[in-house]
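One letter stands for each residue in the lines below.
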Amino acid sequence: MGILDGKTILVTGIFTERSIAYAAAEHAQQEGATLIFTGFGRRSKITQKIVQRLPSPGPVLELDVTNQEDLDSLHNRILGHADSLDGIIHCISASKPEAVGPGFITADWDDLSTSLQISGASLQSVTKACLPVLADGASIVGVTLDGTPVWPIYGWAGVAKATYESTNRYLAYHLGQRKIRCNLVACGPLDNFTVAAIDGIESTDGVWESRAPLGWDRTDLQPVASAVVALLSDWFPATTGEIVHVDGGYHVMGM
């Protein structure tokens, strides 16, 4: 028996096989979960192709988190494939180039609002959209980069991560009466499309690897995927509002 046997999970954020969401989805299926996926715009066709490579491909539902019609109709479209959801994997983020790195100072609202809405607040908007079909005792798990320190190359994307973490805590509070847990996994940098697109990411080369007490392998998605699956399971029934670091211990180190 797998630790997710009998559970139906909504998975967001699959774009390539190197996506954290893909690794988490693959592991979740190995642990017995039934999965429903979301895709966005022209990327939906890519998501559909990537999902076919999983052991058990599932339906891909259109979801643009900036489109209220998509959000309002999401729970009804989920009901076309399942009676309820037992969990959500949230791996959605986006920022305009004008709002990251040195653009932090010069960005205007039109530039930075994308980061705050998609990378920060979409955890709430997706959860709200799923509430009508989210079972009591369900688990919501998001993936982040530790939003506590300043990451110069991130700019407003970093501020959005701090917003994401605060949103996680507030959701944990408001959903607690239904025993719905909301937690995040904060990971180190991984070699994938999202990380490669960050201007200046090469400045982090070797940093985690040399400073993390356990070391860090940017090519290995499994530790992060395992943490996501564990938090989706019933093994953490009294853990919510938490940020679990899966970064080789990098976050404990000082200068």
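Conventions adopted
The written sequence of each chain sets the order in which its residues are numbered from 1. Under the rules for a predicted model, residues below a pLDDT of 70 receive no local features and side-chain atom pairs below 80 are neither given nor counted, while totals for whole chains, interfaces and linings still include all residues. Excluding hydrogens and water, the side-chain figures rest on all heavy atoms present in the structure. UniProt positions are given in the numbering used here, feature names are shortened, and annotations may be inferred rather than shown by experiment. Strands are runs of DSSP state E lasting at least 2 residues, helices are runs of H or I lasting at least 4, and numbering of each runs from the N terminus. Any pair of residues with heavy atoms lying within 4.5 Å of one another is described as a contacting pair. For this analysis, a polar contact is any N or O atom pair within 3.5 Å, provided that within protein one partner can donate a hydrogen and the other can accept it, and provided that sequence-adjacent residues contribute only side-chain to side-chain pairs. Any residue under 20% of the maximum accessible area for its type is buried, any over 50% is exposed, and the rest in between are partly exposed; the area is computed with a 1.4 Å probe on protein chains only. Here a Phe, Tyr or Trp ring, Trp counted by its six-membered ring, pairs with any other such ring whose centre lies within 6.5 Å, and the pair is stacked when the planes are under 30 degrees apart, edge-to-face when over 60, and tilted otherwise.

*Asks:* Go over the UniProt feature "binding site: NAD(+)" (unreviewed entry) in the protein chain with me, naming the residues and quoting the values.
*Replies:* Residues given the UniProt feature "binding site: NAD(+)" (unreviewed entry) here are Gly13, Ser19, Ile20, Asp64, Val65, Ile92 and Lys161. Along the chain, the position of Ser19 falls in the loop between β1 (8-11) and α1 (20-30). Not counting the four nearest positions on each side in its chain, Ser19 is found in contact with Gly13, Ile14 and Leu221. One polar contact links the side chain of Ser19 to the main-chain amide nitrogen of Thr16, over a distance of 2.9 Å. Residue classification places Ile92 among the buried positions, given a relative accessible area of 17%. Once residues within four sequence positions are removed from consideration, Ile92 is found in contact with Thr12, Val65, Ile118, Ser119, Ser122 and Val126.

*Asks:* Could you give me a rundown of the packing of aromatic side chains, with the residues and numbers involved?
*Replies:* Overall, the coordinates contain three aromatic pairs when judged by the stated rule. An angle of 20 degrees between the planes, with centres 4.6 Å apart, marks the rings of Phe104 and Trp156 as stacked. In this pair, Phe104 sits in helix α4 (residues 103-106) while Trp156 sits in helix α6 (residues 156-175), placing the two residues 52 residues apart along the sequence. Taking relative accessible area as the criterion, Trp156 reaches 17% and is therefore assigned buried. Measuring from centroid to centroid gives 5.5 Å for Trp151 and Trp208, while their planes differ by 25 degrees, and the two rings are stacked. Here Trp208 lies in helix α8 (residues 207-211) and Trp151 lies in the loop between β5 (134-144) and α6, a separation of 57 residues in the sequence. Grouped by ring-pair contacts, the aromatic residues Trp151, Trp208 and Tyr250 constitute a single cluster.

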